[in-house]
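# Descriptive analysis of the structure
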Protein chains: 2
Amino acid sequence: MNNLELMKELSITSPSKIVMLVIDGLGGLPDSKSGKTELESARTPNLDALTAGGICGLADPVAPGITPGSGPGHLALFGYDPIICNIGRGALEAVGVDIALEPDDVAARGNFCTIDEKGIITDRRAGRISTDKCAGLCKLLDGMTLDGIKVMVYPVREHRFVVIFRGAGLGADVTESDPSRTGVAPLNISAVSPEAAKMSEVANKFAAKAKAILASQHPANMLLLRGFAKKPHFPTMQEIYKLNPLAIAVYPMYRGLARLVGMEVAKTGTTLEDEFKTLQQNYDKYDFFFLHVKWTDSSGEDGDFARKVKVLEQIDTALPILTGLKPDVLVVTGDHSTPAMLRGHSWHPVPVLICAKYCRTDAVTSFSESAFITGGLGRIQSTQIMPLAMANAQKLTKFGA
Amino acid sequence: MNNLELMKELSITSPSKIVMLVIDGLGGLPDSKSGKTELESARTPNLDALTAGGICGLADPVAPGITPGSGPGHLALFGYDPIICNIGRGALEAVGVDIALEPDDVAARGNFCTIDEKGIITDRRAGRISTDKCAGLCKLLDGMTLDGIKVMVYPVREHRFVVIFRGAGLGADVTESDPSRTGVAPLNISAVSPEAAKMSEVANKFAAKAKAILASQHPANMLLLRGFAKKPHFPTMQEIYKLNPLAIAVYPMYRGLARLVGMEVAKTGTTLEDEFKTLQQNYDKYDFFFLHVKWTDSSGEDGDFARKVKVLEQIDTALPILTGLKPDVLVVTGDHSTPAMLRGHSWHPVPVLICAKYCRTDAVTSFSESAFITGGLGRIQSTQIMPLAMANAQKLTKFGA
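Residues numbered from 1 in each chain as written. Chains lettered and ligands numbered in written order. Predicted model: local features only at pLDDT ≥ 70, side-chain atom pairs only at ≥ 80, totals over all residues.

Looking only at helices and strands, chain A has 14 helices and 14 strands in total. Its C-alpha atoms give chain A a radius of gyration of 23 Å, near enough to 21 Å, the size a compact globule of 401 residues would have. Based on the C-alpha atoms only, the size of chain A along its principal axes is roughly 70 × 55 × 35 Å. Residues classed as buried in chain A amount to 53% of the 401 residues present. Intrachain contacts of chain A at a sequence separation of at least 6 include 72% that bridge at least 24 residues. (Helix = DSSP H or I, 4+ residues; strand = E, 2+ residues; numbered from the N terminus. Rg over C-alpha atoms; globule rule 2.2 N^0.38 Å. Buried ≥ 20, exposed ≤ 12 C-beta atoms within 10 Å, placed from the backbone. Contact = placed C-beta atoms within 7 Å.)

Here we come to unusual backbone geometry. Excluding glycine, most residues fall at negative phi; most peptide bonds, likewise, are trans. Residue and element names in this part refer to chain A. Here the amide bond leading from H218 into P219 is cis, since omega sits at 10°, within 30 degrees of zero. As for its placement among the helices and strands, P219 is situated in the loop between α7 (197-214) and β8 (222-229). Look at D98: it is not a glycine, yet its phi comes out positive at around 70°. The topology assignment puts D98 in the loop between α5 (89-96) and β3 (106-115). Among the residues examined, D98 registers 14 C-beta atoms within 10 Å and is labelled partly exposed.

Let's shift gears to the interface of chain A and chain B. Each partner contributes residues to the interface: chain A has 27 residues there, and chain B has 21 residues. Only α4 (70-77), α5, α13 (369-372) and β14 (378-381) of chain A provide two or more residues apiece to the side of chain A that touches chain B. In the side of chain A that touches chain B, the residues fall into 15 nonpolar, nine polar and three charged. (Nonpolar A, V, L, I, M, F, W, Y, C, P; charged D, E, K, R; others polar.)

Bringing the pairing of strand β6 (residues 149-157) of chain A into the picture now. All names here are of chain A. In this sheet, β6 lies alongside strand β5 (residues 145-146) in antiparallel orientation, the contact comprising two bridges. Within β6, the position partnered with L146 by the bridge is I149. Counting the residues between successive antiparallel strands, the hairpin from β5 to β6 contains two residues, one of them, D147, with a positive phi of roughly 50°. The pairing of β6 with strand β7 (residues 160-166) spans seven bridges and is antiparallel. Bridging across to β7, R157 finds its partner in R160. Turn length for the β6-β7 hairpin, with the two strands adjacent in sequence and antiparallel, is two residues, and the turn residue E158 shows positive phi of about 50°. (Pairing = 2+ DSSP bridges.)

Turning next to the domain arrangement of chain A. Residues and elements named next belong to chain A. If you check the domain split of chain A, you get domain 1 (3-86 + 235-392) and domain 2 (91-229). Of note, the centres of domain 1 and domain 2, computed from C-alpha atoms alone, are 35 Å apart. Contact residues are listed per partner, giving seven residues for domain 1 and five residues for domain 2. At six residues, helix α9 (residues 252-260) tops the list of elements feeding residues into the side of domain 1 that touches domain 2. (Domains from an automatic or database assignment.)

It is worth spelling out the sheet that holds strand β13 (residues 350-356) of chain A at this point. All names here are of chain A. On the basis of which strands lie adjacent, the open sheet formed by eight strands has the order β10-β9-β11-β1-β12-β13-β2-β14 and mixed pairing. What marks the edges here is a single partner per strand, and that holds for β10 (264-265) and β14. The sheet contact formed by strand β1 (residues 18-23) and strand β12 (residues 329-333) spans five bridges and is parallel. Within β12, the residue paired with V22 across the bridge is T333. Against the sheet, α9 touches β9 (245-249), β10 and β11 (288-293), its axis set at about 165° to β9. (Axes fitted to C-alpha atoms, helices over the stretch in contact; angles between N-to-C directions.)

Residue and element names in this part refer to chain B. What the eight strands build is an open sheet, ordered β10-β9-β11-β1-β12-β13-β2-β14; its pairing is mixed. The open sheet has two free edges, formed respectively by β10 (264-265) and β14 (378-381), since each of these has just one partner strand. Here strand β12 (residues 329-333) runs beside strand β13 (residues 350-356); their pairing, made up of four bridges, is antiparallel. Looking across to β13, one finds that V331 is bridged to I354. The strands touched by helix α3 (residues 45-53) within the sheet are β2 (55-60), β12 and β13, with β13 carrying the most contacts at an inclination of about 65°.

On to the relation of the copies chain A and chain B. Superposition of the two copies of the chain requires a rotation about an axis together with a shift along that axis. Least-squares fitting of chain A to chain B yields an RMSD of 0.4 Å, with the transformation described by 0.2 Å of translation along the axis and a rotation of 126°. Here only 11% of the contact residues of chain A are again contact residues in chain B; the copies associate through non-equivalent surfaces. (Least-squares fit on C-alpha atoms with pLDDT ≥ 70 in both.)

Another aspect to go through is the nonpolar core. Formed by 259 residues in total, the largest nonpolar core has its most connected members in M20, I354 and A389 of chain A together with M20, I354 and A389 of chain B. Look past the residues within four positions of I354 of chain B in its chain and what remains in contact with it is G54, I55, V329, V331, C359, L388, A389 and N392 of chain B. (Core = buried A, V, L, I, M, F, W, Y, C linked by C-beta atoms within 7 Å.)

The next point concerns the packing of helix α3 (residues 45-53) of chain A against helix α12 (residues 305-323) of chain A. Residues and elements named next belong to chain A. In the contact formed by α3 and α12, the axes pass within 7 Å of each other and the chain directions differ by 60°. As judged from the angle between their axes, α3 and α12 are oblique. Within the contact between the two elements, α3 uses P45, N46 and L47 and α12 uses D316, L319 and P320. Among the residues forming the contact of α3 with α12, the class breakdown is four nonpolar, one polar and one charged. (Parallel < 35°, antiparallel > 145°, perpendicular 65-115°, else oblique.)

With that settled, the discussion passes to helix α5 (residues 89-96) of chain B. Residues and elements named next belong to chain B. For α5, a buried count of seven out of eight residues is recorded, marking the element as mostly surrounded by other parts of the structure. Taken residue by residue, α5 has G90, A91, L92, E93, A94, V95 and G96 as its buried positions. Against α4 (70-77), β3 (106-115), β6 (149-157), β7 (160-166), β8 (222-229) and α9 (252-260) lie the buried residues of α5.

The following block contains the structure:
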């Protein structure tokens, strides 16, 4: 019996409420000058006070040493084993731009590229055209119907876009047209399984039409397709935890990930305060809240140590709006670490704090990576956070008699 | 997807170098007088300085409570789940005396025993004859050919030896001739699967011939065979980690274990200094080094607390030769604990220290079992050490998008 099966068997409904505050890219690394991490540099009196009353530890989203992407990082937080619950690349790209995939849809990642007069790829990224330019090109390609399949094209960023093929009889098990190098022509797309025969035909027709349409659009005079995938089919958080969950997130990727596990997604604004207010406004209507804060990750990705510190302080300042609601269980954690020192996601375990009436607190009083080493949770897997939150909300019955 | 599959998917080559210093039987138990373990009694300023700058914890080679043999202990350090990656006893014995097994070979563990005039076993160990005596007897038995199968016999220690059956058509799935008790005759060996029919016939013929040859050699006037096994087929470290690994070990068992996972094995001398110099000499040619130090284990097995302390101090003194090479990642750990108090391997978790630029250090400054309890790695499985070393060497890409 895996984690989710166990939760499904033991979970019960109750009026108690769980708030999971996900501070994206939460963990960091020490600055070479100060010897302190972003969290250790930030003034966070409210988080420190929560820590003093809660139980804390460090969590590995996938496994020690593994650097998670946003998809695996969040699935783990929702209790889904990210190694088993795989999201295909095309589907994740669609999720990331807020496209609600239908069950029969196949999504593919696309990028505009440059080909020469012989059809040979000379630049796989078409000189990284602007997102605006990309949006204009997507409009030229969007909306055709090929063999009864509707083809929708949405810009993502720079030269990247996503294509949705909608209609009956499509399988996602096809090869890619992107040869992953220059000096050769785009590859023909072929079916790997018989069920994907129609998909490969439609994809090749789409590529041929696109070539004609884009001919005059140098450097973006061709496209490459890869990562064909259908929407993954995960059991919902309603089924597993018997929760009524709401997601609050500014960025589409996280709203999309929340939808994949059945969460409703709230309308919210563009700031941290907007998100906290959205939580306040919806607090009576749900019993689980996933509140996602992005800017710690983006500043970490930019290598901007000082900005990450500032975002952490802003979160701390806004926190009383959340704690004022007195949730029965408050979880504060991240989907992975994003140290400014590394300018990207990293393998380092993520601080996790659980505040609840019966959490059995530890001696830690400061919200930081090094302080959390000696926390009462020890070093856990991120998939264990949901069972702990459920237990602390008294939403789990006894296992066995 | 298991650990190794994940590593295979994520690993990339890079110029960074990893050194794994394995101090055999590293962990210990407190002396009843001083209340200090071997490590806590040893003066280890260099290891302490490394600890101050690194991240540490305690590792379970197999699982909490499980005492590992050398095979499982080392496989875990190389990242191979020792419960899945089983090495048959005969194969491990062959590995242990530096015999390179061919894929079709079957190896069996043998021991000389004493039988009475009715053929009944009176001593399963033939009075623990000397290793020299054993070597002489092995010569008497070595080199026969039975049904086209070549039979090679190598001494191990005291009454123990190893037999290699070489030739086509042998299966290892046969019963043992050792009844594991006295008062009965050696058992007939029979095939458990049809593929092992020839093996059982040859083994019985060999036992019969040996009985005749040994008749005048009382107390070693018969032999018992058990643990028939072929060489296990593990994916190599090259395949999994894309590393170019070198093993440096004085004792054949550890060279053999390293070979089973694809490592090259360096020629080295017989002392600790020889091993460290071999590392120095080969440092440019490889990107992963397994450096094995045996004497902590042997002194622990002998119950010699003071000698184990001395060996630890010798390692510490030689350490600057290693650290002077400035490896990108240095791992210091053991394959299991061997407390002198217990005169053998034990189930206690093993100290593990990782030093690297982005390791996210902890507050621990002393290289010892009790200090490592509060280390930043927490309590991990030994199979997780390689993923952590790879991550710290920045040789792993992100999992998922």
